[in-house]
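Residue-level listing of the chains:
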Amino acid sequence: MSSQQTFRLGILGSGKGSNADAIADGCASGKIPAQVAVVLSDVAEAGILQKARARGLNAKFIDPGKFRTKLDDAAEVAFIKTLQEAKVDLVVLAGFMRILKGEFLRVFKDRVINIHPSLLPSFPGLDAWKQALDYGVKHTGVTVHFVDQGIDTGPIIAQETVAILQGDTAEMLHKRIQETEHRLYSKAVAALARGEVQVRGRQTIWKQS
Ligand code: GRF
């Protein structure tokens, strides 16, 4: 990307889209020096598409194909092609419920990030805040990481803790985790857009600003 051009984001999600919305807000206000080039979902009626369309963003449903947890070959090609046509610099997963592997990660090497609602490597997988509550830990949190071939295993970009309070229900804890997510994901995307984060093996290095 030349320094003249705006850094372009492709956001993928399957759910309500609160993180995508927070990032779009950050772009609109200038806090994130980037633009949302396209929003894609594997769920036709997902809130993330509705919210994006309400903002006038380019938002598309792509049929994921016959599998439940991954994209079939045709769908993978369609996602890659749409992101390439939108000239995205960074693929931002925001509640995208399918595993991305192989060709997708080769094409967008070191350019796919995800947000996970726990302090990885604790509690990977689904409903991580419930896992933390059930386990009885006193602190959980949020992790932003690069995506690799594993599940929630890529190099960590940023983390923030969230305390688990006495009497917390899963809903109360999830609300605080999501508030933290919106702030941390926006901060991480802004740093990546400014070219302030580099990945070296498992380490990520933040340039001092
Ligand atoms: C977030 O909690 C994120 O950590 C997880 O999926 C959820 C997406 O929420 N990966 P939203 O659709 O951004 O509201």
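Residues numbered from 1 in each chain as written. Predicted model: local features only at pLDDT ≥ 70, side-chain atom pairs only at ≥ 80, totals over all residues. Heavy atoms only, no water.

Enquirer: What should I look at first to understand the packing of helix α5 (residues 128-135) against helix α6 (residues 170-193) in this one?
Expert: Relative orientation of the contacting elements α5 and α6 amounts to 125 degrees, with a least axis distance of 10 Å. Of the possible angle classes, the one that applies to α5 and α6 is oblique. Like other packed secondary-structure pairs, α5 and α6 cross with a definite hand, here right-handed. Judged by residue contacts, Trp-129, Lys-130 and Leu-133 of α5 engage Ala-170, Leu-173, His-174 and Ile-177 from α6. (Axes fitted to C-alpha atoms, helices over the stretch in contact; angles between N-to-C directions. Helix = DSSP H or I, 4+ residues; strand = E, 2+ residues; numbered from the N terminus. Parallel < 35°, antiparallel > 145°, perpendicular 65-115°, else oblique. Left-handed = near helix turned anticlockwise from the far one by under 90°. Contact = heavy atoms within 4.5 Å.)

Enquirer: Hey, could you run me through the domain arrangement of the chain in this one?
Expert: Domains assigned within the chain are domain 1 (1-109) and domain 2 (114-209). On a C-alpha basis, the centres of domain 1 and domain 2 stand 19 Å from each other. Listed as interface residues are 21 residues of domain 1 and, on the opposing side, 17 residues of domain 2. Taking both sides of the interface into account, the surface hidden between domain 1 and domain 2 amounts to around 1,600 Å²; carbon and sulfur atoms contribute 64%. (Domains from an automatic or database assignment. Buried area = accessible area lost by both parts, 1.4 Å probe.)

Enquirer: I keep staring at the site of the ligand and nothing clicks. Help me out?
Expert: Looking at the ligand, the residues that line it are Gly-15, Lys-16, Gly-17, Ser-18, Asn-19, Gly-95, Ile-115, His-116, Pro-117, Gln-178 and Glu-181. With respect to the ligand, the side chain of Lys-16 contributes an N or O atom lying 3.3 Å from an oxygen atom. Between the ligand and Gln-178 there is a distance of 3.2 Å, counted from an oxygen atom to a side-chain nitrogen or oxygen. When residues of the shell around the ligand are traced back to their parent elements, those giving at least two are α1 (18-29), β5 (112-116) and α6. Taken together, the residues that form the shell around the ligand break down as 2 nonpolar, 7 polar and 2 charged. (Near = heavy atom within 4 Å. Polar contact = N/O pair within 3.5 Å; in protein donor to acceptor, adjacent residues only side chain to side chain. Nonpolar A, V, L, I, M, F, W, Y, C, P; charged D, E, K, R; others polar.)

Enquirer: How do you make sense of the pattern of salt bridges when you look at a structure like this?
Expert: Enumeration according to the criterion identifies 10 salt bridges in this entry. Residues Asp-21 and Arg-55 are paired through a salt bridge, measuring 2.9 Å at the closest nitrogen-oxygen approach. Here Asp-21 is found in helix α1, whereas its partner Arg-55 is found in the loop between α2 (47-54) and β3 (59-61), with 34 residues between them in sequence. Using a relative accessible area of 23% as the deciding quantity, one classes Asp-21 as partly exposed. By relative accessible area, Arg-55 is classed as partly exposed at 34%. A salt bridge links Arg-176 to Asp-168, with the shortest nitrogen-to-oxygen separation between them at 2.7 Å. Several salt bridges share partner residues, and in doing so they unite Asp-21, Asp-25 and Arg-55 into one network. (Salt bridge = Lys/Arg side-chain N within 4 Å of Asp/Glu carboxyl O. Buried < 20%, exposed > 50% of the residue type's maximum accessible area, 1.4 Å probe, protein only.)

Enquirer: Would you mind going over the sheet that holds strand β7 (residues 156-163) with me for this structure?
Expert: Backbone hydrogen bonds hold the strands of a sheet together, and the pairing may be parallel or antiparallel. Reading across from one edge, β3-β2-β1-β4-β5-β6-β7 is the order of the 7 strands in this open sheet, with mixed pairing throughout. In the strand order of this sheet, the two ends are held by β3 and β7, each with one partner. Strand-to-strand twist of the sheet, defined as the mean angle between neighbouring strand axes without regard to direction, takes the value 20 degrees. Sheet topology places strand β6 (residues 139-146) next to β7; 7 bridges connect them, and they run antiparallel. Across the sheet, residue Gly-141 finds its bridge partner in β7, namely Thr-161. (Pairing = 2+ DSSP bridges.)

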